[in-house]
Amino acid sequence: MQVYKGKGWSLAEDHINFTIGRQSYTLRQPDNAVAAFRHILINDSKQAASQQGAFLREYLYVYKQNVSQSSPAEGALPQLPLPCIQSSATRVFFGHDRRLAEGEKQAATHVSLDQEYDRDLSQQWKELEEQVVAIVHRGVLPANFQPTQYCLNGQTDNTRFPLAVVEEPVIVEVVFRNPLKVPLILTDLSLLWKFSPKDFSRAQGEEAGESVSNEKEARDLEAPLKNDFISTEVISEFFMSLEETKVARLKLLPHQTGELHILGVVYNLGTAASAGEGVGEGLTVRGRQDLEIQGPRLNGTKEEKTSVQHGPDRRLDPIITPPMPLLEVVFFINFPTGLLCGEIRKAYVEFANVSAVALTGLRVVSRRPSSSPSAGGRRPHPLSPTASENCSAYKTVVPAPPSSCRCGCGGPTARACTRSTSCSTTSAEKTSKLSHRVLCHTAVICASRSLSVRATARRSNTFQEQEDGHGGSMLVFVDVENVNTSEAGVREFHVVQVSSSSKQWRLQKCINPSKDKDSKLTSRQRGKLCFRATKCRTVEATSNAQEKYTFADVNLGNEQIISATTPCADFFFRRCLSAEAKKKGAGGAHGGLGHSRGAGADTSAEDLAGVVRKCSEVDLNVIVLWKAYVVEDNKQLILEGQLHVALQTIGKEVCSLTPKEEAQEMVLLKFRPEHPPPLARPSMEQLSYLIKTNLHYPESYSHPFPQRSLCMVPVTLRLSNCSLAQVDVIIDLRHKATSPESLEVHGSFTWLGQTQYKLRLRAQEIQRLQLKACFIHAGVYNLGTPRVFAKLSDQGSMCETSQQNSMPALIIINSV
């Protein structure tokens, strides 16, 4: 052996070890004999199958004789060499097996040992859990927060002691490998464990009780020891083919709280010629193998980097906590697998607490808030799927003429209603170890194209008395296009209502001169709508006006949908939360000035940008509600849905469809740090929104030109400072339409009196100028000729910028 060992002569080594084993047994040295035969089996043997079978039978015979001669009952179970255990591949699962579907009922996908571990998906579940825990604790994640892990493996974070629940199984998945060319049979296979009972309902400082183990019970199967702490499942027979790798799932059921340590496995090892044959008499021995899992290598300090040190891996050391509620979620009544983009479909979810502990504080959180389910409350589900086909998810009323506007407010309560596909459960009985549990569900829904909504906000230059003192009005243009190319059997869409939600604005009425109120759109057809939006009145707000939203509904069909209730409001507030989270992730939203600045004050570039940006901010959310007529299985269905667009800036178009992200171009590497870019000053376009102008005049005016040749019409020019700073304004009336086309269509007129004015408007101040327009003959004229220039008063070096003028202001002069 000294000559051949380690030289690669494996057949010679096997022969020598076999001879040593035989001679040692003859000389009554059973320990040396077992060690020699063991060496033959644990190495990758190159012997023929018949020879390996002979070696194994010889080993089992000598092993059994050795065990029978040793002192029984008191000694520890001996270590077995076969089969090999891949300890690092051991997985531990806490909880019951996944519930299967029952007819129409689809169980929650949750987490199971049958699923492959996905690091990215696991991180997403962790982030969702952190979100809901932070909400429960008023936005702060507790310092002792430990994310829920139902399945532990070599890729999970196993540095902390995992938490299991009393009376719920702990399943250990052990990977066995048979290195021989002969089959193996393991019988009476179970786990070995040590348990220290502990009462977690008492003081934190209480120590665990005296440890108990099941080793004696596992060793003497003929007289099993009754155990009141842990029930151990036994696999009666586990067959392994030649050179097979096979997984065994072993189960423990804890009955008391405490600290559990899973030590290894215990079983009877035997041989069989084939799967159909049993274990030969006298060729079966009982022993154990320990599960020794090495933690990740440490690489944090210099000492750890220069040496080989490993951290702890505690996946086999769970803490058994007091009973907790156990939630099961079942989706039924044909939970959709395909939807149109923006479609709202009613589904029913059954929540079942299958434990003996009361469940409280049920919360739901979603990875995609803008496309997640919305909870509609506790309602009995229909008796059959067809009973809910035409049951609308919206609450509707008959609109009351003449006004089609219906407003409601949704505050922080509505905004906090987050609902989706991952649940957190809380026990009514508070414990020190486990405060909540998580149930995960993934729903895959294929989406088909529906409508594309484009919207733009423009300032209105018309003047209305009811707007005076409330910030004026603006026009909202909504362009709706059917982008569905007859997918999913869709015939046509009907736009039935356009609603708005904002802290400052509301849609007032539709000003389209169309008799057909219900906008019908077939494939690739486009419809255009125009609405007047006004500022919310002060009486509609409360002391917390900045936190309140006003919902306004303009119906185009026969029924009016109340958008301030579910599901419209739910999806809207969820979009708001998602948008706020994105802003925080990008460094927070830019804020404007919170007070007026007088002349001569020093305004920084950042403050200046904030002042100018506020002038063109809108913050108006438009909700387009539609119905689709679909043919499916030779019958017509009516689907309904909604699309949201958020108008943020005057004149900037927004679309409900997300543009495709363009591939990033290659860029040169920069090795030298560059100076930070200077703060960008406001553009000319941004500065053109400081002042809003309105002209108040009669739409038509009659004058006796044969008797008096000059017709003078009073016109009121209304100037509104849209900024939060003081603004200098210049009004120039000398501008005239000079193009032949403009003269031919609109004619020419003259402004009488002073031709230029200089004004100073305080923050959000409104001033009026009384003007007179002079006409010499009848016709149609455009009064929108005054040019308005403005600049911030404290920016002395800044030149005045021409202000935006929305559209022509036409007046009809009649001759009588």
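Structure first, text after, so check above.
Predicted, not measured: the structure shown is a model, and the values here were computed from it.

A.B. asks: Sorry, what's going on with the overall build of the chain here?
C.D. replies: Within the chain, the regular secondary structure consists of eleven helices and 46 strands. Residue burial in the chain is summarised as follows: out of 816 residues, 44% are buried. Across the chain, the fraction of contacts at a sequence separation of at least 24, relative to all contacts at a separation of at least 6, is 78%. Per element, the accessible surface of the chain, about 44,000 Å² overall, is 51% carbon and sulfur.

A.B. asks: How should I be thinking about helix 2 (residues 30-42) in this particular structure?
C.D. replies: Residues lying three or four places apart along an α-helix face the same way, a consequence of the helix completing one turn every 3.6 residues. The first and last C-alpha atoms of helix 2 sit 18 Å apart over 13 residues, in line with the 18 Å expected at 1.5 Å per residue. Every buried residue belonging to helix 2 is among Pro-30, Ala-33, Val-34, Ala-36, Phe-37, Ile-40 and Leu-41, and all of these are buried. Take helix 2 and look down its axis: the buried residues cluster within an arc of 165 degrees, on one side only.

A.B. asks: Could you clarify how one ought to interpret the packing of helix 1 (residues 10-26) against helix 2 in this entry?
C.D. replies: How two helices sit against one another is set out by the angle between their axes and by the gap between those axes. Viewed as axis vectors pointing N to C, helix 1 and helix 2 meet at an angle of 160 degrees, and their least axial separation amounts to 8 Å. Between helix 1 and helix 2, the angle is such that the two are roughly antiparallel. Like other packed secondary-structure pairs, helix 1 and helix 2 cross with a definite hand, here left-handed. Of the residues in helix 2, those in contact with Glu-13, Asp-14, Asn-17, Phe-18, Ile-20, Gly-21, Arg-22, Ser-24 and Tyr-25 of helix 1 are Asn-32, Ala-33, Ala-36, Phe-37, His-39 and Ile-40. Of the residues belonging to the contact of helix 1 with helix 2, the class tally is seven nonpolar, five polar and three charged.

A.B. asks: I keep staring at the pairing of strand 13 (residues 285-290) and nothing clicks. Help me out?
C.D. replies: Taken residue by residue, a regular strand's side chains alternate between the two faces of the sheet. Counting buried residues along strand 13, five of its six residues qualify, which places the element largely inside the surrounding structure. The pairing of strand 12 (residues 258-271) with strand 13 spans six bridges and is antiparallel. Paired with Asn-268 across the bridge in strand 13 is Arg-286.

A.B. asks: What should I look at first to understand the environment of Asn-558 in this one?
C.D. replies: Position of Asn-558 among the secondary structure elements: in the loop between strand 31 (549-555) and strand 32 (560-561). Taking the C-alpha atoms as reference points, Asn-558 and Val-496, separated by 62 residues in sequence, lie 8.1 Å from one another.

A.B. asks: I keep staring at the nonpolar core and nothing clicks. Help me out?
C.D. replies: One broad rule of soluble globular proteins: the nonpolar side chains tend to lie buried together. Formed by 69 residues in total, the largest nonpolar core has its most connected members in Val-476, Val-478, Leu-620, Ile-731, Phe-775 and Leu-783. Broken down by element, this core gets its largest block of residues, seven residues, from strand 33 (residues 617-632). Not counting chain neighbours up to four residues away, the residues in contact with Val-478 comprise Val-453, Arg-454, Ala-455, Gly-527, Lys-528, Leu-529, Phe-531, Val-622 and Val-624. Counting residues in hydrophobic clusters, the runner-up holds 50 residues, among them Phe-55, Ala-164, Met-240 and Ile-293.

A.B. asks: Is there a simple way to think about the pattern of salt bridges in this case?
C.D. replies: When the charged atoms of two side chains with opposite charge come close together, those side chains can pair. According to the stated counting rule, one finds 18 salt bridges in the structure shown. The salt bridge partner of Arg-288 is Glu-215, with a shortest N-O separation of 3.2 Å. Taken as a pair, Arg-288 in strand 13 and Glu-215 in helix 5 (residues 215-219) lie far apart in primary sequence, 73 residues in all. Each of the two residues, Arg-288 as well as Glu-215, counts as buried. With a shortest N-O distance of 2.7 Å, Asp-290 and Arg-288 are connected by a salt bridge. Through salt bridges with shared partners, one network takes in Asp-479, Glu-481, Arg-524, Arg-526 and Lys-528.

A.B. asks: Would you mind going over the sheet that holds strand 38 (residues 711-721) with me for this structure?
C.D. replies: Reading across from one edge, 36-38-42-40 is the order of the four strands in this open sheet, with antiparallel pairing throughout. What marks the edges here is a single partner per strand, and that holds for strand 36 (691-696) and strand 40 (750-752). The mean inter-strand angle of the sheet, taken between neighbouring strand axes irrespective of direction, is 35 degrees. Bridge count for strand 40 against strand 42 (residues 766-775) is three bridges, and the pairing is antiparallel. What sits directly across from Thr-750, in strand 42, is Cys-774.

A.B. asks: Is there a simple way to explain the packing of aromatic side chains in this structure?
C.D. replies: Scanning all chains against the criterion turns up 13 aromatic pairs. Relative to Trp-626, the ring of Phe-493 lies with its centre 5.2 Å away and its plane at 75 degrees, an arrangement referred to as edge-to-face. In this pair, Phe-493 is assigned in strand 27 (residues 490-502) and Trp-626 in strand 33, connecting sequence segments 133 residues apart. Assessed through its relative accessible area of 1%, Trp-626 is described here as buried. The structure contains a cluster of three or more aromatic residues connected by ring pairs, namely Tyr-549, Phe-551, Phe-572 and Phe-573. The ring centre of Phe-238 lies 4.8 Å from the NZ or CZ of Lys-246, which sits over that ring.

A.B. asks: In this structure, what is going on with the side chain of Ser-563? I would like to understand it.
C.D. replies: Following the sequence through the fold, Ser-563 ends up in the loop between strand 32 and helix 8 (568-585). Beyond its immediate stretch of four places on either side in the chain, Ser-563 contacts Ser-499, Phe-551, Ala-552, Asp-553, Cys-568 and Ala-569.

A.B. asks: Would you take a moment to explain the environment of Val-654 for this structure?
C.D. replies: With respect to the helices, strands and loops of the structure, Val-654 is situated in strand 35 (residues 654-655). Linking Val-654 and Val-453, residues 201 residues apart in sequence, is a C-alpha distance of 8.2 Å. Residues within four places of Val-654 in sequence aside, it is in contact with Val-453, Arg-454, Ala-455, Val-645, Ala-646 and Leu-647.

A.B. asks: Teacher, can you tell me more about the sheet that holds strand 37 (residues 700-703) here?
C.D. replies: Here we have three strands laid out as an open sheet, ordered 37-46-43, and mixed in their pairing. Sheet topology places strand 37 and strand 43 (779-782) at the edges, where each strand pairs with a single neighbour. The average angle at which neighbouring strand axes cross in this sheet is 25 degrees, direction not considered. Taken together, the four bridges between strand 37 and strand 46 (residues 810-815) define a ladder with parallel strand orientation. Note on strand 46: the bridge partner recorded for Tyr-701 is Ile-813.

A.B. asks: Help me out: how do you make sense of a nonpolar patch on the surface in this one?
C.D. replies: A surface patch of nonpolar side chains, amounting to about 360 Å² of accessible area, comprises Val-3, Tyr-4 and Trp-9. If you trace the backbone, Val-3 turns up in the segment before helix 1.

Rules and cut-offs
Residues numbered from 1 in each chain as written. Predicted model: local features only at pLDDT ≥ 70, side-chain atom pairs only at ≥ 80, totals over all residues. Heavy atoms only, no water. Helix = DSSP H or I, 4+ residues; strand = E, 2+ residues; numbered from the N terminus. Buried < 20%, exposed > 50% of the residue type's maximum accessible area, 1.4 Å probe, protein only. Contact = heavy atoms within 4.5 Å. Areas by Shrake-Rupley, 256 points an atom, 1.4 Å probe, with all protein chains shown as cover. Expected span 1.5 Å × (residues − 1). Arc of directions from axis to C-beta. Axes fitted to C-alpha atoms, helices over the stretch in contact; angles between N-to-C directions. Parallel < 35°, antiparallel > 145°, perpendicular 65-115°, else oblique. Left-handed = near helix turned anticlockwise from the far one by under 90°. Nonpolar A, V, L, I, M, F, W, Y, C, P; charged D, E, K, R; others polar. Pairing = 2+ DSSP bridges. Core = buried A, V, L, I, M, F, W, Y, C linked by side-chain atoms within 4.5 Å. Salt bridge = Lys/Arg side-chain N within 4 Å of Asp/Glu carboxyl O. Phe/Tyr/Trp six-rings, centres within 6.5 Å; stacked < 30°, edge-to-face > 60°. Lys NZ or Arg CZ within 6 Å of the ring centre and 35° of its normal. Patch = residues over 30% accessible without salt bridge, like charges linked within 9 Å, V, L, I, M, F, W, Y side chains within 5 Å.

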